[in-house]
Amino acid sequence: YVKKAMSTDKYAKSKTPTIFFCGRHEPRKGLDVLLQAMQFLPSDVELWIASDGTDTERLKREWAHDSRVKWLGRINDDEKIRRMQEATVFCAPSLHGESFGVVLLEAMVAGLPVVASNISAIPEVLGTKHPGLCEVGNPKDFADKIYQSVGYKKSDVLKTNNVRLRLFSPESSFREIECLY
């Protein structure tokens, strides 16, 4: 379904989609879900996976057959920013609660559409009506939302991201903390 839909003219005119994941490779981060979502996406879509963790070796063995999956290892902040600027979509497929998710804000600053699990603080950061919120643990839903995000206009993504980013600006955060005390 998604593979066929992504072969439309709109998709052909855009750059080849690159999905970026940056986070610890632990079961709770849901990287398995994102890797499984790749089976629903066209063969030219790449997945860049940064960092490492307790699940890295297992995941690399299980996905060694898929040349679209690029294992970047640990990267510094400059490399992370560069990758975000080059990517098409940022994904956070967490299976369990996240405290805040600064990486979501970093992706938004880079102008990326964000596709993430609808769990814990993620909807607080992105907004409860964010179009990229996915059912937790559902690879098909992630693939569908990734496909949808490819069609977003860059100007719309930037506008939406900037609205959310203003809520978490240093000034806004300071006012909120000041009100508490």
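Predicted model only: the values in this text are computed from it and were never measured.

1. Brief notes about the sheet that holds strand β4 (residues 89-92)
- Within the open sheet, the 6 strands sit side by side as β3-β2-β1-β4-β5-β6. Their pairing is parallel. The open sheet has two edge strands with one neighbour each: β3 (69-73) and β6 (133-134).
- Alignment of β4 against strand β5 (residues 114-117), held across 3 bridges, turns out to be parallel. Looking at the pairing, cysteine 91 lines up with valine 115 of β5.
- Across the sheet, helix α6 (residues 102-109) is in contact with β1 (18-22), β4 and β5; its angle to β4 comes to roughly 170°.

2. Focus on the pairing of β4
- Both faces of β4 are covered, namely the face carrying Val89 and Cys91 and the face carrying Phe90 and Ala92.
- Here β1 pairs with β4 via 2 bridges, running parallel. Looking at β4, one finds that isoleucine 19 is bridged to valine 89.
- Between the parallel elements β4 and β5, the chain passes through α6 in a crossover that is right-handed.

3. Quick notes on the pattern of salt bridges
- The full count for this structure, using the stated rule, is 13 salt bridges.
- The residue arginine 58 makes a salt bridge to aspartate 32 at a minimum N-O spacing of 2.8 Å. Of this pair, arginine 58 sits in helix α4 (residues 56-62) while aspartate 32 sits in helix α3 (residues 31-37), placing them 26 residues apart in sequence.
- What makes aspartate 32 partly exposed here is its relative accessible area of 24%.
- Across the salt bridge formed by aspartate 66 and arginine 68, the nearest N and O atoms sit 3.1 Å from each other. One exposure class covers both aspartate 66 and arginine 68, and it is buried.

4. Regarding the nonpolar core
- Membership of the largest hydrophobic core comes to 22 residues, with the highest contact counts inside it found for Ile19, Leu34, Leu35 and Ile146.
- Only β1, α3, β2 (46-50), β4 and α8 (139-150) provide two or more residues apiece to this core.
- Ranked by residue count, the leading element in this core is α3, at 5 residues.
- In this structure, isoleucine 146 is in contact with Ile19, Leu34, Leu41, Val89, Cys91 and Val115, ignoring residues within four places of it in sequence.
- Ala87, Ala107, Met108 and Ala116 belong to the second-largest nonpolar core, a separate cluster that totals 21 residues.

Rules behind the numbers
Residues numbered from 1 in each chain as written. Predicted model: local features only at pLDDT ≥ 70, side-chain atom pairs only at ≥ 80, totals over all residues. Heavy atoms only, no water. Pairing = 2+ DSSP bridges. Helix = DSSP H or I, 4+ residues; strand = E, 2+ residues; numbered from the N terminus. Contact = heavy atoms within 4.5 Å. Axes fitted to C-alpha atoms, helices over the stretch in contact; angles between N-to-C directions. Buried < 20%, exposed > 50% of the residue type's maximum accessible area, 1.4 Å probe, protein only. Right-handed = clockwise from strand over helix to strand, strands pointing away. Salt bridge = Lys/Arg side-chain N within 4 Å of Asp/Glu carboxyl O. Core = buried A, V, L, I, M, F, W, Y, C linked by side-chain atoms within 4.5 Å.

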